[in-house]
Number of protein chains: 2
Amino acid sequence: MVKITDVARHAGVSPSTVSYALNGKRPISEETRRRIEASIRELGYHPHAGARALAGARSHTLALVMPLRSGVHLPVVTQFAMSVVTAARRHDHDVLLLTGEEGEDGLRRVADSARADGFVVMDVQLNDRRLPLLRTLQRPSVLIGFPAEPAGLTCVDLDFRAVGEACAEHLALLGHRRVALLGSPPEVYERGTGFARRVEDGFTAAADRNGLAAAVHPCEADPAAAPALVRRLLAEDPPPTGVVIHNEAMLGPLTDALRAEGLRVPGDLSVVAVCPDELAERSSVPLTSVAIPAAELGARAVDLLIRQLAGDPVPESTLLPPRLTVRSSTGPRG
Amino acid sequence: MVKITDVARHAGVSPSTVSYALNGKRPISEETRRRIEASIRELGYHPHAGARALAGARSHTLALVMPLRSGVHLPVVTQFAMSVVTAARRHDHDVLLLTGEEGEDGLRRVADSARADGFVVMDVQLNDRRLPLLRTLQRPSVLIGFPAEPAGLTCVDLDFRAVGEACAEHLALLGHRRVALLGSPPEVYERGTGFARRVEDGFTAAADRNGLAAAVHPCEADPAAAPALVRRLLAEDPPPTGVVIHNEAMLGPLTDALRAEGLRVPGDLSVVAVCPDELAERSSVPLTSVAIPAAELGARAVDLLIRQLAGDPVPESTLLPPRLTVRSSTGPRG
DNA sequence: ATGAAAGCGCTAACAT
DNA sequence: ATGTTAGCGCTTTCAT
């Protein structure tokens, strides 16, 4: 195994000089730095992570806590994880993967054993059991999603209010005057992170601003209920010409039901979905949609964590703007 | 921070005794062990991972290398990762997450810096660039999938030949006499890990054994081609009454095309899919299917890695038996 | 069955 | 701008 003293000898300097050249904590002459870098490459030196963590105060590792439950769309989880790793590597950090299942004990274990310097926690619930611990732990963390009481925690999420607004505005711009939101099932409002309500608020607010008539239909995750819901929607007089679906499980059943009722999309009805791009693309009519920007969320979370580790102040709340992708399911009214 | 000397003092023993009590490398009297364990709990002691790695020869960390390309079904990746973490924790190991993107340099870095004791490598290609390195690295690894030349490497995968057999046998048992396999696109055969061919072989072999007439249709991943393919399938005289679809991208288009041709599933045609359960369940007619047992693969991979780390001999090749889940898309002939 | 003590490879004072 | 050196907390001989 190649160690720092090997590099030092090879470059004709002291170990500490190599160490400093590596982490830039004090100035090194250009000439010396070059020799050291050459030696490192030539010998294939990689500092022993354990020794580094023991002597320094940092493991150069971030912990990523994956969801407990599988309510989250799994592809989004993978994309998110990948972007976290990629971003972490850019900052010379590795990523330790934890499951939400390990709960508070897992967090404490990882923190106490100095396995990780900070945490990225996915799938944070409104009243997450882990919140008190995360607050007191002497390591920074970044939460994906907003708990009921986010004060004192660093949180990142998609700006769901802006999602609702973007959907309404997209339909308004296409000339629609009557729009509806087919929302999430009640469980999501209660158990979830509150994002369903935020979409709703943004949707109705933007509809108001644009003079649209807007209806909101909460929506169970029951495929069998789709036809009835669609009929109820169309029974309005006059019926909406644009609809936003924020309910992943019902997306298929609802579009099927629309087709069954003989409605053409977007000819008779424009449809905007709030769902992963993957789903929107695979639909029989590719859906105009707003997706969770998993990669951006991951990169941003790492960024915030690294800045905290550097002692920089960071905003407690970060909301990422939504991006609406226009596909084939929306068109001008009529 | 609580350290081993704190525990030792609290329990009235020497640090080394605590260490031995922790890892069981020498006998400790029942009485002493109990006192030590009590102290550990009371003080909330967690050994410093860096110190442990430095003094010992093990980081107690496994590296999990996630896929480069996104050809792999992302939900399967997530499930796999979760099961790897869960299994690793059962053996007192943590998991470091790497992306395939880091390639050989990433593996070397992690090995040389003693960040991980071994590797689980997902998505191994037939002629993976990382294979030579994995062979020479002084750390064990387990590959998910079989490269062209697996000798000297520990590989785990679903037994795809048995998958083909299970599908054919399921149809045979239902009384079908003429069956067809709608296979993977040519790219998969070339670039892939050879599993497509193995399914094919198993399928035809089992069909032969059971006296079925079996046709194999390779199948581009082009949704527009689905109707033509279905018509071609039905043009056979007599047409098959059972079909196996091993092509994730075409699953939707093909079932749509079947419906468009007025075929009832399973009334007129029984369909077996080789695809993630998730997809099979969400199909308009829930599909009888064989899935990738992601969780089992992950657990098995970790198992093999841990056993290698313990110096135990392990089989080079492990094939997991497929599980066919009967849903609504298959029924007796006629 | 238990203790004492010598490192493991690195970082960060404290030197010059 | 660079060198010297004392630990960081643990494991593991070598003792007893």
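Scroll up for the structure.
Residues numbered from 1 in each chain as written. Chains lettered and ligands numbered in written order. Predicted model: local features only at pLDDT ≥ 70, side-chain atom pairs only at ≥ 80, totals over all residues. Heavy atoms only, no water.

1. Description of the environment of P75(A)
Residue and element names in this part refer to chain A. Threshold: For the purposes of this entry, the term helix denotes a DSSP run of H or I that reaches at least four residues, the term strand denotes a run of E that reaches at least two, and both are numbered from the N terminus. Each residue's exposure class comes from its accessible area (1.4 Å probe, protein chains only) as a fraction of the maximum for that residue type: buried when under 20%, exposed when over 50%, partly exposed otherwise.
On the secondary structure map, P75 appears in helix α5 (residues 74-90). Under the relative-accessibility criterion, P75 is labelled buried at 4%. In this structure, the C-alpha to C-alpha distance between P75 and P276, residues 201 residues apart in sequence, is 8.4 Å.

2. Some remarks on the protein's contact with DNA strand C
The criterion, for reference: One heavy atom within 4 Å of a molecule or strand is enough for the residue carrying it to be called near that molecule or strand. Here a polar contact is recorded for every N or O atom pair within 3.5 Å, except that within protein the pair must consist of a potential hydrogen donor and a potential acceptor, and residues adjacent in sequence are included only if both atoms are side-chain atoms.
Taken together, the neighbourhood of DNA strand C is formed by 26 residues, with I4(A), Y45(A), R26(B), P27(B) and T32(B) sitting nearest. Counting only the atoms of DNA strand C that lie within 4 Å of the protein, the sugar and phosphate share comes to 59%. A distance of 3.4 Å separates a base oxygen of DNA strand C from a polar backbone atom of A55(B). Within the residue set of the surface near DNA strand C, elements represented by two or more residues are α2 (15-23) and α4 (49-55) of chain A together with α2 (15-23) and α4 (49-55) of chain B.

3. Describing the pattern of salt bridges
Two side chains carrying opposite charge are able to pair once their charged atoms lie near each other. Which entries qualify depends on this criterion: The salt bridge criterion pairs a side-chain nitrogen of Lys or Arg with a carboxyl oxygen of Asp or Glu, the two atoms within 4 Å.
In total, this model carries 42 salt bridges over all chains according to the counting rule given. Between D94(B) and R115(A) there is a salt bridge, with its nearest N and O atoms 3.0 Å apart. On the criterion of chain membership, the pair formed by D94(B) in strand β2 (residues 94-99) and R115(A) in the loop between α6 (103-112) and β3 (118-121) is interchain, its members lying in two chains. With respect to class, D94(B) is no different from R115(A); both count as buried. The salt bridge partner of D128(A) is R130(A), with a shortest N-O separation of 2.8 Å. Each member of the pair, D128(A) together with R130(A), is buried. One salt-bridge network, held together by shared partners, links R89(A), D94(A), E102(B), R109(B) and R115(B).

4. Concerning the packing of α2(B) against helix α3 (residues 30-43) of chain B
Residue and element names in this part refer to chain B. As a reminder, the rule being used: Axis definition: a line fit to C-alpha positions, over the contact stretch in the case of helices; interaxial angles, taken between N-to-C directions, run 0 to 180 degrees. Roughly parallel covers angles under 35 degrees, roughly antiparallel covers those over 145, roughly perpendicular covers 65 to 115, and oblique covers all other angles. Contacts are residue-level and defined by heavy atoms, with any inter-residue pair within 4.5 Å sufficient. Residues are grouped as follows: Ala, Val, Leu, Ile, Met, Phe, Trp, Tyr, Cys and Pro are nonpolar; Asp, Glu, Lys and Arg are charged; all remaining types, including Gly, are polar.
Running from N to C, α2 and α3 point in directions that differ by 90°, and their axes come no closer than 10 Å. Here α3 runs roughly perpendicular to α2, going by the angle between their axes. Across the interface between the two elements, T17, V18, A21 and L22 from α2 touch T32, R33, I36 and I40 from α3. Class assignment for the residues of the contact of α2 with α3 results in five nonpolar, two polar and one charged.

5. As for the protein's contact with DNA strand D
The full set close to DNA strand D counts 26 residues, and P27(A), T32(A), I4(B), Y20(B) and Y45(B) are the nearest of them. Here, DNA strand D places atoms within 4 Å of the protein, and 56% of those atoms are sugar or phosphate. Taking S29(A), its main chain carries an N or O atom lying 2.7 Å from a phosphate oxygen of DNA strand D. At the level of elements, α2 and α4 of chain A together with α2 and α4 of chain B are the ones that each hand at least two residues to the surface near DNA strand D. Partitioned by chemical class, the residues of the surface near DNA strand D number 11 nonpolar, 10 polar and five charged.

6. What about unusual backbone geometry?
Residues and elements named next belong to chain A. A cis amide bond links D237 to the next residue, P238, at an omega of -5°. Omega for the peptide link from V265 to P266 comes to 5°, which places this bond in the cis form. Of note, P266 is situated in the loop between α12 (248-260) and β9 (270-274). For A114, which is not a glycine, the phi torsion comes out positive at approximately 55°. Note on A114: relative accessible area 16%, which makes it buried. A positive phi is found at D123, a non-glycine position, where the angle reads about 55°. With relative accessibility at 13%, the residue D123 sits in the buried group.

7. Describing the side chain of R109(B)
Along the chain, the position of R109(B) falls in helix α6 (residues 103-112). According to the relative accessible area criterion, R109(B) is buried, its value standing at 12%. Excluding residues that lie within four positions of it along the chain, R109(B) makes contacts with H46(A), R89(A), D94(A), L98(B), E102(B) and R115(B).

8. Regarding the sheet that holds strand β9 (residues 270-274) of chain B
Residue and element names in this part refer to chain B. To be explicit about the condition: At least two DSSP bridges between two strands are needed for those strands to be called paired.
The six strands are arranged β7-β6-β8-β9-β10-β12 in an open sheet whose pairing can be described as mixed. Each edge of the open sheet is held by one strand with a lone partner, namely β7 (213-217) and β12 (324-325). Strand direction decides the pairing type here: strand β10 (residues 288-290) and β12, joined by two bridges, are antiparallel. Of the residues in β12, the one forming a bridge with S289 is T325.

9. Thoughts on the state of the cysteines
What counts, and what does not: Sulfur atoms of two cysteines make up a disulfide when they are within 2.5 Å.
Applying the stated rule across the entire model yields zero disulfides over all chains. Cysteine C275(A) is unpaired, with the sulfur of C167(A) as its nearest cysteine sulfur at 10 Å.

10. So, empty space enclosed by the protein
As a reminder of what qualifies: Here a cavity means grid points, on a 1 Å grid over the protein atoms only, where a 1.4 Å probe fits yet cannot get out; a pocket means an open set of points with protein on both sides within 12 Å along at least five of seven lines; lining residues are those with an atom within 4 Å of a point. Grid points are joined across faces, edges and corners, and a volume is the space filled by probe spheres set on the points.
Applying the stated criterion across every chain yields a total of one cavity of 30 Å³ or more. By volume, the largest cavity is sized at about 220 Å³. What lines the largest cavity is a set of 16 residues, among which T61(A), R115(A), A49(B), T61(B) and R115(B) lie closest to the centre. Elements represented by at least two residues in the lining of the largest cavity include exactly α4 of chain A together with α4 of chain B. Along the lines of polarity and charge, the residues of the lining of the largest cavity split into eight nonpolar, six polar and two charged.

11. Focus on the relation of the copies chain B and chain A
The following threshold applies: We place the copies in one frame by least squares, fitting the C-alpha atoms of every residue whose pLDDT is at least 70 in both.
Superposition record for chain B on chain A: RMSD 0.1 Å, screw rotation 180°, translation along axis 0.0 Å. Taken together, the turn and the small shift mark the pair as related by a two-fold rotation axis. In terms of proximity to the rotation axis, the leading residue of chain B is G50(B), whose C-alpha is 1.9 Å off the axis. The overlap is high: 100% of the interface residues of chain B also sit at the interface in chain A, so the same surface is used on both sides.

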